[in-house]
Amino acid sequence: VGLFLCFVQHVQYHLTNNMVYLSDFQGSGDLLTDCQVLTGSAFVKNFGSRNSTSAFNSFKSMHRCNKFCHVFGLQPYST
């Protein structure tokens, strides 16, 4: 599940032109809830105080493409 959620973050980041992705899912079993919307500083006020701009700003350097990224043709970010 973790690899798939990392892939989904890559898709979200890519499809929003590097503006947003979801992280920090909570839940149990088949139900994931309470995710955090991560954005850059331009949108931090839209999503509350738990929005971590530092995590967002480090996405390109921290994300490691996995098998899902490769199968769907997503390109790794150069660091």
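Residues numbered from 1 in each chain as written. Predicted model: local features only at pLDDT ≥ 70, side-chain atom pairs only at ≥ 80, totals over all residues. Heavy atoms only, no water.

## Quick word on the overall build of the protein chain
Thought 1: Across its full length, the protein chain carries four helices and four strands.
Thought 2: In the protein chain, the succession of helices and strands from N to C terminus is α-β-β-β-β-α-α-α.
Thought 3: For the protein chain, whose C-alpha radius of gyration is 13 Å, the value lies close to the compact-globule estimate of 12 Å for 79 residues.
Thought 4: Along the three orthogonal principal directions, the C-alpha set of the protein chain runs to about 35 × 35 × 20 Å.
Thought 5: For the protein chain, the proportion of its 79 residues judged to be buried stands at 24%. (Helix = DSSP H or I, 4+ residues; strand = E, 2+ residues; numbered from the N terminus. Rg over C-alpha atoms; globule rule 2.2 N^0.38 Å. Buried < 20%, exposed > 50% of the residue type's maximum accessible area, 1.4 Å probe, protein only.)

## Structural notes on the packing of aromatic side chains
Thought 1: By the definition in use, this model includes eleven aromatic pairs.
Thought 2: Ring geometry for Phe-4 versus Phe-7: centroids 5.7 Å apart, planes at 50°, classification tilted. Taken as a pair, Phe-4 and Phe-7 lie in helix α1 (residues 2–15) at a separation of three residues, close to a single helical turn.
Thought 3: Of the aromatic side chains, those joined through ring pairs into one cluster are Tyr-13, Tyr-21, Phe-56, Phe-59 and Tyr-77. (Phe/Tyr/Trp six-rings, centres within 6.5 Å; stacked < 30°, edge-to-face > 60°.)

Take it as geometry only, folks, not as evidence of what the structure does.
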